[in-house]
Each structure stands twice: as C-alpha cells, then as structure tokens.
Amino acid sequence: MDADLDARPDPHETLTRFADAIATRDWDGLAALLAADFAARLVHTGETFDRDGFVAFNRDYPGPWTFALEDVVASGSTGVLRARVSAEPVTYYVASFATLDESGSIVDLTEVWTDAVATDGGRPHPHHGLDYVEIGVADLASAQTFYAAAFGWEFNAYGPAYAGIRAPSGRGEVGGLTPGRPAAPGGPLVLLFSDDLDASVAAVSAAGGTVTEGPYDFPGGRRFHFTDPSGTELGVWSTS
C-alpha cells in the first residue's frame, strides 16, 4: 500500500506543470495534464468546459497577457494554485482548485477570478467606457444618509460640496453625489474616461456634439461636458 502511495504522481508537481504550460502557451502540454473526462467551471461567469474547451479557452484568450504562478498548496489528490494574469493596463488574480484522478491527471477544476485591478491598484478606466456617474442632490448630508441606509453605499468625503461613491470592491469610486448639480428630470450625469481628453473634445465636435463646459481642471485631472444631438448631457474626464 505504501508503495502505491509513493507511486502516485505528486499533485504539487502536476499543478506546477499546469501553470508552466499556460505561462509558456504549451497547449499540447496542458492537454496532456487533463483527464479524458476533465471538467472545469469558472465561478465568476458560470462557464463550464471539457478538456478541449478549456485548452481552447486559454489558447484563444484575447490580447497580450502573462501568467505568473504565485503559490501551490497540494496534498493527496487535491490542490490549489494561485496565479496572477497581467494584461496591461490591468491585472487579474485567479485561484484554481484541482482534483486529480488515480493516474495523476487533473479531472476536475474550479477557478475563481477577481475583477480587473489597475496597475496602480485602483479600478481600471477603459478608454471611452462608461466610467463614473454623478447624482445631483439637494442636500449632501441627507443624501449620503439615504443612500447608505437604502443601498449600503460608502463614501469618500471631499468637503461640503462633494462625496465620492466608493466602488463595491473598495478599490476606487464609481460615482459621486453633488449639490452643485441640482437634481432634475435629466437624471444623473454619466462620465466617460478618455486616454486623450483633447482628442475626445475634437471627436465630439466633429461628430456633431456640442461642448458645453470645459475642458477644465479639477483635483483628479481634467474634464469637459457635452450634449449629443438629442440634447442629452454627458461628461468626459482624464487623469491628465
């Protein structure tokens, strides 16, 4: 019996080879580590894969990326690896929980991925993506009390004229409350993020929009507001 246990493949070695195969894009090597009846599940999306599907998912993952193994803990027929996947300008962290069969092949895998984290540790800002929503309020203090009680929102205080709405993850902000923009039927102001604010100003004007404010400086960078041809107002901001 002891000889059989000694002959069983080391799960720590198998998971290390699994990580190395992904990092080096050795897709044949990755497939060789997976059992014929392999099944994988991604907790964050609910997706499931068989052996060929999992290899294809990794092989075809878009954009340049790097996979770096950070730790492996394994014993018996189970183990978990922790890794960092970098796809500039963001990074993801993943934990992979594996079960090995008697031959040492990975037969079951459950992966948990974090949300994207910007390289500066905050929330990433996709170019021209929906980025920030400002809600006009009549009274800042009472509005914070309401949203905290109703939705559990937490805030960053910037004095009597502004409160930032913290992201649920705790990294960065997703919006703000401002008495400087009174509540109106027009609703919240949606802000887009730009990698090049001046180019965005030119693009809005060229497309038929009307710049209504700015560009102007504010403590976090620069921004401008515009109306689209229908008269809906949006804003665009940049860190520089």
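Before any of the text, the structure's been laid out above.
Residues numbered from 1 in each chain as written. Predicted model: local features only at pLDDT ≥ 70, side-chain atom pairs only at ≥ 80, totals over all residues. Heavy atoms only, no water.

K.L.:
Where do I start with the pattern of salt bridges in this structure?
P.N.:
Where charged atoms from two side chains of opposite charge approach closely, those side chains can pair. Tallying each qualifying case throughout the model produces seven salt bridges. Here Arg-59 ties to Asp-60 by a salt bridge, and the two come within 3.0 Å at their closest N and O atoms. Three or more residues joined by partner-sharing salt bridges are found here, namely Glu-70, Arg-82 and Arg-84. (Salt bridge = Lys/Arg side-chain N within 4 Å of Asp/Glu carboxyl O.)

K.L.:
Would you mind going over the sheet that holds strand 15 (residues 233–238) with me for this structure?
P.N.:
Each strand in a sheet pairs with another by means of backbone hydrogen bonds, the pair being arranged parallel or else antiparallel. The strand order 9-10-11-8-12-15-14-13 describes an open sheet built from eight strands, whose pairing is mixed. Looking at which strands have only one partner, the edges of the open sheet turn out to be strand 9 (155–157) and strand 13 (210–218). Geometrically, the sheet is characterised by an average inter-axis angle of 25° between neighbouring strands, direction not taken into account. Taken together, the four bridges between strand 12 (residues 189–193) and strand 15 define a ladder with parallel strand orientation. Within the sheet, the bridge partner assigned to Val-190 lies in strand 15 and is Leu-234. Across the sheet, helix 5 (residues 140–151) lies against strand 8 (130–136), strand 9, strand 10 (163–166) and strand 11 (173–178), angled at about 140° from strand 11, the strand it touches most. (Pairing = 2+ DSSP bridges. Helix = DSSP H or I, 4+ residues; strand = E, 2+ residues; numbered from the N terminus. Axes fitted to C-alpha atoms, helices over the stretch in contact; angles between N-to-C directions. Contact = heavy atoms within 4.5 Å.)

K.L.:
What is the right way to read empty space enclosed by the protein from this model?
P.N.:
Rolling a probe over the atoms, with the probe sized like a water molecule, indicates the empty space that remains. Summed over the entire model, instances satisfying the criterion amount to one cavity of 30 Å³ or more. By volume, the largest cavity is sized at about 110 Å³. Lining the largest cavity are Phe-18, Ile-22, Phe-57, Asn-58, Tyr-61, Trp-65, Phe-67, Val-85, Ser-96, Glu-111 and Trp-113. Where the lining of the largest cavity is concerned, the elements lending two or more residues are helix 2 (11–23), helix 4 (51–59) and strand 6 (106–113). Here the lining of the largest cavity is composed, by residue class, of eight nonpolar, two polar and one charged. (1 Å grid on protein atoms, 1.4 Å probe; cavity = no way out; pocket = protein on both sides within 12 Å on 5 of 7 lines; lining within 4 Å. Points joined across faces, edges and corners; volume = space filled by probe spheres on them. Nonpolar A, V, L, I, M, F, W, Y, C, P; charged D, E, K, R; others polar.)

K.L.:
Looking at this model, I keep getting lost on the nonpolar core. Mind explaining?
P.N.:
Side chains that are nonpolar tend, in soluble globular proteins, to be buried together. Of all hydrophobic cores here, the largest spans 28 residues; its most connected members are Phe-18, Leu-30, Phe-54, Phe-67, Leu-81 and Ile-106. Elements supplying a minimum of two residues to this core: helix 2, helix 3 (27–32), strand 1 (34–42), helix 4, strand 3 (66–75), strand 4 (78–87), strand 5 (90–100) and strand 6. Here this core gets five residues from one element, more than from any other, and that element is helix 2. Here Leu-30 is in contact with Phe-18, Ala-21, Ile-22, Phe-54, Val-55 and Asn-58, once residues within four sequence places are set aside. (Core = buried A, V, L, I, M, F, W, Y, C linked by side-chain atoms within 4.5 Å. Buried < 20%, exposed > 50% of the residue type's maximum accessible area, 1.4 Å probe, protein only.)

K.L.:
I'm lost on a nonpolar patch on the surface in this one. Help?
P.N.:
A cluster of nonpolar residues, Val-43, Phe-97 and Val-112, forms a patch on the protein surface that exposes about 230 Å² of accessible area. Inspection of the secondary structure assignment puts Val-43 in the loop between strand 1 and strand 2 (48–49). You can call Val-43 partly exposed: its relative accessible area is 39%. (Patch = residues over 30% accessible without salt bridge, like charges linked within 9 Å, V, L, I, M, F, W, Y side chains within 5 Å. Areas by Shrake-Rupley, 256 points an atom, 1.4 Å probe, with all protein chains shown as cover.)

K.L.:
I tried to follow the packing of aromatic side chains on my own but got confused; where do I start?
P.N.:
Each aromatic ring pair is summarised here by two numbers: the centre-to-centre distance and the angle between the ring planes. Taken as a whole, this structure holds 12 aromatic pairs when the rule is applied. When the ring of Phe-18 is compared with that of Phe-54, the centres are 6.1 Å apart and the planes differ by 20°; the resulting orientation is stacked. Here Phe-18 is found in helix 2, whereas its partner Phe-54 is found in helix 4, with 36 residues between them in sequence. Relative to Tyr-61, the ring of Phe-57 has its centre 6.1 Å away and its plane inclined at 80°; by these criteria the two rings are edge-to-face. On the accessibility criterion, Tyr-61 (29% relative accessible area) is partly exposed. Just above the ring of Phe-218 sits the side chain of Arg-223; from NZ or CZ to the centre is 5.9 Å. (Phe/Tyr/Trp six-rings, centres within 6.5 Å; stacked < 30°, edge-to-face > 60°. Lys NZ or Arg CZ within 6 Å of the ring centre and 35° of its normal.)

K.L.:
Would you mind showing me how to read the environment of Asp-115 here?
P.N.:
Within the secondary structure, Asp-115 is located in the loop between strand 6 and strand 7 (117–118). Take Asp-115: its relative accessible area is 55%, and that puts it in the exposed class. In this structure, the C-alpha to C-alpha distance between Asp-115 and Tyr-93, residues 22 residues apart in sequence, is 8.0 Å.

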